[in-house]
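Given next are the chains, with one letter for each unit.
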Amino acid sequence: MAHDSFLPADDIRTLFSESMSRMYQQEVPQYGTLMQLVAEVNDQVLAAEPALQQQLQETGELSRLSLERHGAIRVGTAAELNMLRRVFAIMGMHPVSYYDLSEAGVPVHSTAFRPIDEASLRRNPFRIFTSLLRLELIEDNALRAQAAEILARRDIFTAKARVLVAQAEARGGLTEEQARHFVAEVLETFRWHQHATVSKASYQALQDAHRLIADVVCFRGPHINHLTPRTLDIDRVQQQMPNLGINPKAVIEGPPRRRCPILLRQTSFTALEEPVRFAGEQAGTHTARFGEIEQRGMALTPKGRALYDELLNRSRQAPAQAENEAHQRQLSEVFTDFPDDEDSLRTQQLGYFRYCLTDAGRQQAAHEQGTTGDLETLIKAGLVKASPIIYEDFLPVSAAGIFQSNLGGKQHQAYAQNANQAAFEQALGCPVNDEFGLYAGLQDDSIRQVRQALGA
């Protein structure tokens, strides 16, 4: 049972994300430059758009705008994934959704560990996109066995981290002092290690199979491969990165720019080529770590997501555009079939919305009981307003696009084996949460609160 002296999970998550940010900015100074650029662009957007600033203020988004939104890590074994689940649970982060990246040529499947209740999301929405290597997709039997043997020899967690996880589980939490020790110990799992655990020849063989396999297998720990701040204008950041000596990936992933943003748009600077030493002290380089930015929009219902996927697939049938402006024009032409005003998105049940009383609604609730009418009638009467629920999750095609652009190779093959959610959940040790159920719950809760306030 939780004790009053235990630090809340939300606070432990904030400690962790802030410590991770400081570490990554030291390890990858260019990421610190990207953070400064994103902050400047956000300030410019807010100064130019007072209505947006007010909306972000009302929804609680403004105070958390400067917080990093997510990072990503790749692990090699079921045991590593299972232990990460236990670690993240102490921070109030739970697995949401299953992502199969193998069909896009990346031999992993993934979930996102994140807070799932509204109060925790408002406190700190930090997530870790966590991928498990699929060794079964390595066709060479001998190489697959070698990779499994290398992974079996390592422990990516410190002994103290394991003790503190067990202690938190047994006692129901950690004191502030224990939590600070916990964060420091867990951070070692995410730290960059310049020394590989294999020979240069073994590294090369695994890299020839797939560059991501070499990244996961050949080091003492999985190392965080990117962190991600949130921007209010991803197109502007993409354009300005080269002015600061930052080389952006070719195109922005996700939907096109819209009046009503949906889902998730992502871009990054290309991964750095970093010096490493292989077993036997042979010098070499490794490319894996980069900085990413994201711009989030409205969460879509299953109906909205089906339309998004249909239009995205249609856009991908046209010849790929190597230059971002041409790519965005091509996307925008296809996405004219996706409504771009909030009323249509809401009444056609394409997106999820949070409902609350207006000032007029609150006055009526204070003086009258039993206000009747369906939700649309209350909205038209000016008693209730709707605001989009922000999408807190990921897009598999976009994630694969980011991964591929930063692996430094040309592999884009699809693997014969496809999704295997059951195997992933077995490794994880629990089912993943359904993102649509979480958004529907937030929407339904807000409707229930409105009706209760109006006495309906």
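Note that this is a predicted model, so its numbers are computed, not measured.

Draft legend 1. Structural view of the overall build of the protein chain. Regarding its fold elements, the protein chain presents 19 helices and 11 strands. Taking 2.2 N^0.38 as the reference for a compact globule, 456 residues should give roughly 23 Å; the C-alpha atoms of the protein chain span a radius of gyration of 23 Å, in line with that estimate. Seen through its principal axes, the protein chain has C-alpha atoms that stretch 80 × 60 × 40 Å. Counting over 456 residues, the protein chain shows a buried share of 56%. Intrachain contacts of the protein chain at a sequence separation of at least 6 include 77% that bridge at least 24 residues. A total of about 19400 Å² of accessible surface is found on the protein chain, and carbon and sulfur atoms cover 49% of it.

Draft legend 2. Expanded view of the sheet that holds strand β5 (residues 226–228). Strand order in the open sheet formed by 5 strands is β2-β3-β4-β1-β5, and the pairing between neighbours is mixed. Edge positions in the open sheet fall to β2 (94–100) and β5, since each of these has one partner strand only. Across the sheet, the mean angle from the axis of one strand to that of its neighbour is 25°, orientation sign disregarded. The pairing of strand β1 (residues 70–75) with strand β4 (residues 127–133) spans 6 bridges and is classified as parallel.

Draft legend 3. Highlighting helix α9 (residues 200–209). Restricting attention to buried positions, one finds in α9 the residues S202, Y203, L206 and Q207. Take α9 and look down its axis: the buried residues cluster within an arc of 135°, on one side only. Of the exposed residues in α9, those oriented more than 90 degrees away from the buried face are A201 and D208.

Draft legend 4. Representation of the pattern of salt bridges within the structure. The final tally for this structure, using the stated rule, is 31 salt bridges. Among the ionic pairs, R13 bridges to D10, the shortest N-O distance being 2.9 Å. Residue R13 and its partner D10 are located together in helix α1 (residues 9–27), separated by 3 residues, close to a single helical turn. Like R13, the residue D10 is buried in the burial classification. With its nearest N and O atoms 3.2 Å apart, the salt bridge here joins R346 to D343. Taken together, the positions of R346 and D343, both in helix α14 (residues 342–347) and 3 residues apart, correspond to about one turn of that helix. The buried category is assigned to R346, whose relative accessible area is 11%. Shared partners join several salt bridges into a network, and the residues in it are D233, D235, R236, R257 and R265.

Draft legend 5. Structural view of the nonpolar core. Within the largest apolar cluster, 64 residues are counted, with the highest numbers of intra-cluster contacts made by L206, V217, Y308, F338 and V384. Beyond its immediate stretch of four places on either side in the chain, V384 contacts Y355, C356, L357, T358, L375, L378, I379, V450 and L454. Grouped together as the second largest cluster of nonpolar side chains are 62 residues, F126, M241, F424 and V432 included.

Draft legend 6. Layout of the environment of E292. On the secondary structure map, E292 appears in strand β9 (residues 292–296). A distance of 2.9 Å separates the side chain of E292 from the side chain of H70, its partner in a polar contact. A distance of 3.3 Å separates a polar atom in the side chain of E292 from a polar atom in the side chain of H226.

Draft legend 7. Quick peek at unusual backbone geometry. Look at S97: it is not a glycine, yet its phi comes out positive at around 75°. Locating S97 in the fold gives a position in strand β2. Since its relative accessible area comes to 9%, S97 is described here as buried. Unlike most non-glycine residues, H223 shows phi in positive territory, near 45°. Residue position: H223 is located in the loop between α10 (211–217) and β5.

Draft legend 8. How the structure looks around the state of the cysteines. Throughout the structure, instances matching the rule amount to 0 disulfides. Between C260, a cysteine without a disulfide, and C356, which holds the nearest cysteine sulfur, the sulfur-to-sulfur distance is 17 Å.

Draft legend 9. Representation of the packing of α1 against helix α8 (residues 176–190) in the model. Relative orientation of the contacting elements α1 and α8 amounts to 45°, with a least axis distance of 10 Å. Between α1 and α8, the angle is such that the two are oblique. Remark: the crossing between α1 and α8 carries right-handed chirality. In this structure, α1 contributes I12, L15, F16, S19, M20 and M23 to the contact, and α8 contributes A179, R180, F182, V183, V186, L187 and F190. In the contact of α1 with α8, the residues fall into 11 nonpolar, 1 polar and 1 charged.

Draft legend 10. Quick look at the pairing of strand β6 (residues 264–268). With respect to burial, β6 is a largely interior element, 5 of its 5 residues being buried. By the alternation rule, side chains of β6 split into L264, Q266 and S268 and R265 and T267, which are all buried. As defined by bridge partners, β6 adjoins β9 across 5 bridges and the pair is classed as antiparallel. Counterpart to Q266 in the pairing with β9 is E294.

Draft legend 11. Inspection of the packing of helix α12 (residues 302–316) against helix α13 (residues 324–334) at higher detail. One way to put it is that α12 packs onto α13 with a least axis distance of 9 Å and a crossing angle of 130°. Judged by the inter-axis angle, α12 sits oblique to α13. Two packed elements cross with a definite hand, and for α12 against α13 that hand is right-handed. From α12, L311, L312, R314 and S315 reach across to α13, where they touch Q330, L331 and V334. Among the residues making up the contact of α12 with α13, the classes are represented as 4 nonpolar, 2 polar and 1 charged.

Draft legend 12. Representation of the packing of aromatic side chains within the structure. For the structure on display, the rule yields 15 aromatic pairs. Between F88 and F113, the aromatic rings sit 4.8 Å apart at their centres with planes inclined by 40°, giving tilted as the arrangement. Residue F88 is found in helix α4 (residues 78–90), and its partner F113 is found in strand β3 (residues 108–114); the two are separated by 25 residues along the sequence. Taking the relative accessible area as the measure of exposure, F88 reaches 0% and is therefore buried. In this structure F113 comes out as buried when scored by relative accessible area, which is 0%. Ring geometry for W192 and F219: centres 5.6 Å apart, planes at 35°, overall tilted. Here the residue W192 occupies a position in the loop between α8 and α9, and F219 occupies one in the loop between α10 and β5, the gap between them amounting to 27 residues. For W192, a relative accessible area of 14% gives the class buried. One aromatic cluster is present, formed by F16, F88, F113, F126 and F190 through successive ring pairs.

Rules of the game
- Residues numbered from 1 in each chain as written.
- Predicted model: local features only at pLDDT ≥ 70, side-chain atom pairs only at ≥ 80, totals over all residues.
- Heavy atoms only, no water.
- Helix = DSSP H or I, 4+ residues; strand = E, 2+ residues; numbered from the N terminus.
- Rg over C-alpha atoms; globule rule 2.2 N^0.38 Å.
- Buried < 20%, exposed > 50% of the residue type's maximum accessible area, 1.4 Å probe, protein only.
- Contact = heavy atoms within 4.5 Å.
- Areas by Shrake-Rupley, 256 points an atom, 1.4 Å probe, with all protein chains shown as cover.
- Pairing = 2+ DSSP bridges.
- Axes fitted to C-alpha atoms, helices over the stretch in contact; angles between N-to-C directions.
- Arc of directions from axis to C-beta.
- Salt bridge = Lys/Arg side-chain N within 4 Å of Asp/Glu carboxyl O.
- Core = buried A, V, L, I, M, F, W, Y, C linked by side-chain atoms within 4.5 Å.
- Polar contact = N/O pair within 3.5 Å; in protein donor to acceptor, adjacent residues only side chain to side chain.
- Disulfide = S-S within 2.5 Å.
- Parallel < 35°, antiparallel > 145°, perpendicular 65-115°, else oblique.
- Left-handed = near helix turned anticlockwise from the far one by under 90°.
- Nonpolar A, V, L, I, M, F, W, Y, C, P; charged D, E, K, R; others polar.
- Phe/Tyr/Trp six-rings, centres within 6.5 Å; stacked < 30°, edge-to-face > 60°.

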